[in-house]
Amino acid sequence: MARFTGRDIFHILILFSAVWILVLFVQLENCSGGMGNASERKTDRMKRALDSKEREINYLRNQLNSLDKHHHVPGLPTIYIITPTYTRLVQKAELTRLATVFKSVPNIHWIVVEDAQVKSPLVTKFLRSTGLNTTHLLSVTPPEVKLKEQDPNWLKPRGVLQRNTGLSWLRANLNADYHHGVVYFADDDNTYSTELFQEMRHTKVVSVWPVGLVGKLRYEAPIITNGKVTDWHTLWYRKERKFAMDMAGFAVNLRLILENSLAKFDITAKRGFQETGLLQSLGVTLSDLEPKAKMCTEVLVWHTRTEPAVIKNEDKMPANGYEQSDPNIEV
């Protein structure tokens, strides 16, 4: 039986759409010579159908370009990126920033986990439009452990259950004997350099690097002595945390994740101990850590945060005689 790749299917769809446009064009030419309102209405319908098919072909071409750009490179380990996300006004902007970087990196599998009961149309449509290899999952944070809008972001752990859902998906769908790669936890409010992913791709156990603009410092980083991690450049719980680094500051070999089925993040862990808890449950020691980014002297990821969107002027628009923003326009 013949096997078709995604690229083959898009070529076939483009061909069929082109043939259909040709048929419509011929019919349109035949109608244009007619007379009367019926003929004009038929011509108008033909023109609209022609425009629709042209848009469809442009969409398929863009998707084909995405396939060409993000094709799988044989032999290159895959980077499995787990990103928790939740509905808010800046969500699409955050995800767009990440996708723009990920499109420049080959062999990416982006696992996006929504904190929701059902998959949102916004995230579903967005992931489909990226052309990336994605998996869309759900995991709901119980109300008692979920941050309220007025809470400071450090009060309760965020994204814990969503990251664990991503880990469960990896274990359910991948086999350590056939799948090779690295697992990285990329929050949707951080900023990432493309070089970061090349640094982590060949991680043997756990690779580490600095994170910029975190811990109320210019950066936090592992301290390296004779090529090994010996301490941590941080102020926050420096002595208490065995692995005193940010979630964005490490990646784990896929096999280690798959072979330790009980290892996960602990939603009851004390603030700042999520990373330490996971790595200890994986049996990782300080000597296992692999310094990257020029022996941890280069910052390739930043713990940035987008300001909450302020839209209070929407309520003032009608009072000033203006229409409010169209709620049907996706932001």
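Throughout, residues of each chain are indexed from 1 in the direction in which the sequence is written. Restriction of local features to residues with pLDDT of at least 70 applies here, the model being predicted, together with a cutoff of 80 or more for giving and counting side-chain atom pairs; totals for whole chains, interfaces and linings are based on all residues. As a rule here, side-chain values come from all non-hydrogen atoms in the structure, and water together with hydrogens is ignored.

Colleague: Hey, could you run me through the sheet that holds strand S3 (residues 133-138) in this one?
Modeller: Strand pairing in a sheet takes place through backbone hydrogen bonds and is either antiparallel or parallel in direction. Strand pairing follows a simple DSSP-based rule, namely that at least 2 bridges must link the two strands. The helix and strand labels rest on DSSP assignments: H or I over at least four residues marks a helix, E over at least two residues marks a strand, and numbering proceeds from the N terminus. Strands sit in the order S3-S2-S1-S4-S10-S6-S11 across an open sheet of seven strands; the sheet is mixed. Strands with a single pairing partner mark the edges of an open sheet, and in this sheet they are S3 and strand S11 (289-291). Across this sheet, the average inter-strand angle for adjacent strands is 25°, counted without regard to direction. Here strand S6 (residues 206-208) runs beside strand S10 (residues 250-253); their pairing, made up of three bridges, is antiparallel. Paired with Ser-207 across the two strands is Ala-251, which belongs to S10. Working rule for contacts: check all heavy atoms of both residues, and any pair within 4.5 Å makes them a contact. Angular values range over 0 to 180 degrees, each being the angle between N-to-C directions of two axes fitted as lines to C-alpha atoms, with helices fitted over their stretch in contact. Contacting strand S4 (181-185), S6 and S10, helix H8 (residues 274-281) runs over the sheet at an angle of about 20° to S10.

Colleague: How should helix H4 (residues 121-130) be read in this particular structure?
Modeller: Because each turn of an α-helix spans 3.6 residues, side chains separated by three or four positions in sequence point in the same direction. We call a residue buried when its accessible area falls under 20% of the maximum for its residue type, exposed when it is over 50%, and partly exposed in between, using a 1.4 Å probe and counting protein chains only. Along H4, the residues that are buried comprise Leu-122, Val-123, Phe-126, Leu-127 and Thr-130. All buried residues of H4 fall inside an arc of 120° around its axis, so they share one side. Looking at H4, the residues exposed on the side facing more than 90 degrees away from the buried face are Pro-121, Lys-125 and Arg-128. Directly after H4, the chain includes Gly-131, whose backbone phi takes a positive value near 80°. Along the arc lie the directions from the helix axis toward the C-beta atoms.

Colleague: It is not clear to me how the packing of aromatic side chains should be interpreted in this structure. Could you clarify?
Modeller: Here a ring pair, both rings aromatic, is described through the centre-centre distance and the interplanar angle of the planes. Each Phe, Tyr or Trp ring, with Trp reduced to its six-membered ring, pairs with another whose centre is within 6.5 Å; inter-plane angles below 30 degrees give stacked pairs, above 60 give edge-to-face pairs, and intermediate values give tilted ones. One pass over the structure, following the stated rule, counts eight aromatic pairs. On the basis of an interplanar angle of 85° and a centroid distance of 6.0 Å, the ring pair of Tyr-184 and Tyr-192 is categorised as edge-to-face. Across this residue pair, the class does not change: Tyr-184 and Tyr-192 are buried. Measuring from ring centre to ring centre gives 5.0 Å for Phe-185 and Phe-265, while their planes differ by 80°; the resulting arrangement is edge-to-face. Here Phe-265 lies in the loop between helix H7 (254-259) and H8 and Phe-185 lies in strand S4, a separation of 80 residues in the sequence. In this pair, the class of Phe-185 matches that of Phe-265, namely buried. Following the ring pairs from residue to residue traces out a cluster consisting of Phe-102, Trp-110, Tyr-184, Tyr-192, Phe-197 and Trp-209. A ring is considered to have a charge above it if a Lys NZ or an Arg CZ atom is located within 6 Å of its centre and within 35 degrees of its normal. We note Arg-88 situated over the ring of Tyr-86; from NZ or CZ to the ring centre the distance is 4.1 Å. Between the NZ or CZ atom of Arg-163 and the centre of the ring of Phe-265, over which it lies, the distance is 5.8 Å.

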